[in-house]
Amino acid sequence: MASVIYRIVSKQPSGYCINSSLLRSSSSLKCWQRCVTTFRTEISDPSEHSFEHEGQFYTIPKKDVQKIFMLNWMSPHEKNMNKMFQEFSILIRRPALEVMDILKRLNYNYPLTRFLLYGEMNAGKKFTMTHIMHYCRSQNWVLLTVPWANEWNCKRLDVSFNHHKESLFDLPVHSKILLEDFLLKNMSLIKEFTTSTTYEFSEHEASEQGIPLTDLISFGITRMKFANDVVGALLKELQILANNDKIKLLVTIRGINSFWRKTGQKKEKVQEIHAQQLTLVNQFMELLQSDTKNAVAMCSTESWVNDVTDRKSYLPTELMGKEGVDFLEPFLPIEVPKYGNAELQSVMDYYIDRRWIQAPEAKTLDGRAQIKFLSGHNPYQLYRVCVPL
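**Student:** Help me get a handle on the overall build of the protein, residues and values and all.
**Tutor:** Helix and strand content of the protein: 15 helices and 13 strands. Out of the 389 residues in the protein, the part that is buried amounts to 53%. If you take every contact in the protein between residues at least 6 apart in sequence, the share linking residues at least 24 apart comes to 74%. If you sum the accessible surface of the protein, you get close to 18100 Å²; carbon and sulfur atoms cover 50% of it.

**Student:** Please give an account of the layout of surface pockets that cites residues and values.
**Tutor:** The volume enclosed by the largest pocket comes to roughly 1300 Å³. Computed from the structure, the second largest pocket encloses a volume of approximately 460 Å³. Taken together, 19 residues line the second largest pocket, and the ones lying closest to its centre are Asp229, Gly232, Lys236, Gln283 and Glu286. Looking at the lining of the second largest pocket, the element that brings in the most residues is helix α10 (residues 227-243), giving 7 residues.

**Student:** Any details on the sheet that holds strand β12 (residues 295-300)? Residues and values, ideally.
**Tutor:** In space, the 5 strands of this open sheet follow the order β6-β11-β12-β5-β13, with parallel pairing throughout. The open sheet has two edge strands with one neighbour each: β6 (142-146) and β13 (332-335). Across this sheet, the average inter-strand angle for adjacent strands is 20°, counted without regard to direction. Two elements, strand β11 (residues 249-254) and β12, share 6 bridges in a ladder whose sense is parallel. Bridge pairing links Leu249 to Ala295 in β12.

**Student:** Could you give me a rundown of the side chain of Asp170, with the residues and numbers involved?
**Tutor:** Positionally, Asp170 belongs in strand β8 (residues 169-170). One buried charge, Asp170, has no salt-bridge partner; the nearest side chain with opposite charge is Lys225, at 9.8 Å. In this structure the side chain of Asp170 is engaged in a polar contact, spanning 2.6 Å, whose partner is the side chain of Thr279. In this structure Asp170 touches Asp158, Val159, Ser160, Phe161, Asn162, His163, Asn228 and Thr279, once residues within four positions along its chain are discounted.

**Student:** Describe in detail the nonpolar core, supporting the description with residues and values.
**Tutor:** Leu144, Trp152, Ile217, Ile253, Ile256, Phe259 and Phe284 are the most contacted members of the largest nonpolar core, which has 57 residues in total. Among the secondary structure elements, those contributing two or more residues to this core are β6, α8 (172-190), α9 (213-222), α10, β11, α11 (279-288), β12 and α12 (316-328). Here the element with the most residues in this core is α10; it accounts for 9 residues. Setting aside residues up to four positions removed in sequence, Phe259 forms contacts with Ala149, Trp152, Ile253, His274, Ala275, Gln276, Val281, Phe284 and Met285. Ala96, Tyr108, Leu250 and Val296 belong to the second-largest nonpolar core, a separate cluster that totals 31 residues.

**Student:** Describe the pattern of salt bridges, naming the residues involved and giving the relevant values.
**Tutor:** This model, assessed by the stated rule, comprises 20 salt bridges. A salt bridge links Arg223 to Glu205; the shortest N-O distance between them is 2.8 Å. Here Glu205 lies in the loop between β9 (199-200) and β10 (206-207) and Arg223 lies in the loop between α9 and α10, a separation of 18 residues in the sequence. Here Lys322 and Asp326 are joined by a salt bridge, their closest N and O atoms 2.7 Å apart. With Lys322 and Asp326 both in helix α12 and 4 residues apart, the pair spans about one turn of that helix. For Asp326, a relative accessible area of 41% gives the class partly exposed.

**Student:** I'd love a proper account of helix α3 (residues 62-69), names of residues and values included.
**Tutor:** Of the positions making up α3, those classed as buried are Asp64, Val65, Ile68 and Phe69. Looking down the long axis of α3, one finds its buried residues gathered within 105° of arc, a one-sided arrangement. Of the exposed residues in α3, the ones pointing more than 90 degrees away from its buried face are Lys62 and Lys63.

**Student:** Describe in detail the pairing of β12, supporting the description with residues and values.
**Tutor:** Here β12 lies mainly inside the structure; 6 of its 6 residues are buried. Relative to β12, strand β5 (residues 113-118) runs parallel, the two sharing 5 bridges. Counted as the bridge partner of Thr113 is Val296 from β12.

What counts, and where the lines are drawn
- Residues numbered from 1 in each chain as written.
- Predicted model: local features only at pLDDT ≥ 70, side-chain atom pairs only at ≥ 80, totals over all residues.
- Heavy atoms only, no water.
- Helix = DSSP H or I, 4+ residues; strand = E, 2+ residues; numbered from the N terminus.
- Buried < 20%, exposed > 50% of the residue type's maximum accessible area, 1.4 Å probe, protein only.
- Contact = heavy atoms within 4.5 Å.
- Areas by Shrake-Rupley, 256 points an atom, 1.4 Å probe, with all protein chains shown as cover.
- 1 Å grid on protein atoms, 1.4 Å probe; cavity = no way out; pocket = protein on both sides within 12 Å on 5 of 7 lines; lining within 4 Å.
- Points joined across faces, edges and corners; volume = space filled by probe spheres on them.
- Pairing = 2+ DSSP bridges.
- Axes fitted to C-alpha atoms, helices over the stretch in contact; angles between N-to-C directions.
- Lys, Arg positive; Asp, Glu negative; His and termini not counted.
- Salt bridge = Lys/Arg side-chain N within 4 Å of Asp/Glu carboxyl O.
- Polar contact = N/O pair within 3.5 Å; in protein donor to acceptor, adjacent residues only side chain to side chain.
- Core = buried A, V, L, I, M, F, W, Y, C linked by side-chain atoms within 4.5 Å.
- Arc of directions from axis to C-beta.

So, in structure tokens, the structure goes:
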């Protein structure tokens, strides 16, 4: 039957279909039966995950999904999958386990530690970051999240000159969204903290020293004109809290290579705006180069950010350039590879369990082999191949 796998596969509008010759093979109709426990663990606390759980799925509790991931982290496609599967389960993979192992042994008295996740397109970097974020929340870390940094470059919502530095450009709507997301994620962890200083946003608008930090954030949400300045004030307050051993901070930036790209943003007579002319980008770059202790930055490079001609390799040096790599140094590079054989089998078992794969032929040994070949071990392509099955 090996020859069957490599025959031409017809492409249908809805996706791929299993070769008809495979369906006619009586020997292929024997279903591959595996015990549910081989691909799923009941341990939902990521702090208890070890390398023994590698290649298994775990389910994130609904309360954590709603608070940490639902508002601004999950894409519409992922929310739809969550609804169809009636749960948010992710695969436990070695890159996430390696990062969590380092976090358990890290000396947090040293300045901010930077991780850089990299890998082929759609290899699973986002879900690796999801697992790490869930681990940090289980340890009561404060989460500061940039779900897709390139959105600041491309999504034209509103651009204004910064009140304090005219060479910079504010993104009020994006800043408001970031503040809303931060408040939802961290309300219970920051509600007791107050501001350390007075912040002046204009001649008539200021935030007094000693007010609740949540009030400062709410001001930025309701007064969107000053949202970008409030983001800057929030970052300073978080650094002070971390340096005073009040919190541990995880900064997550997906698609950090967008910081070294031209943007599509427009403002009056300004012909071209570079990402580093955006106030938000400046604020986060200052945070990344700070000597803040009790803080970790987890960033990823994404090929989608770069033009097609600039995607010769998924390595950070190609996507970020020398300037970007030099900026992040020193950092810990973590490669997120495509699925291994065991991981791919676990994902197919999960799809069968969730009835995402229903065709009996696709559950056979030969059907699995053909799906494996068509997907090329790529997580997203595996999903695409299984759509019509």
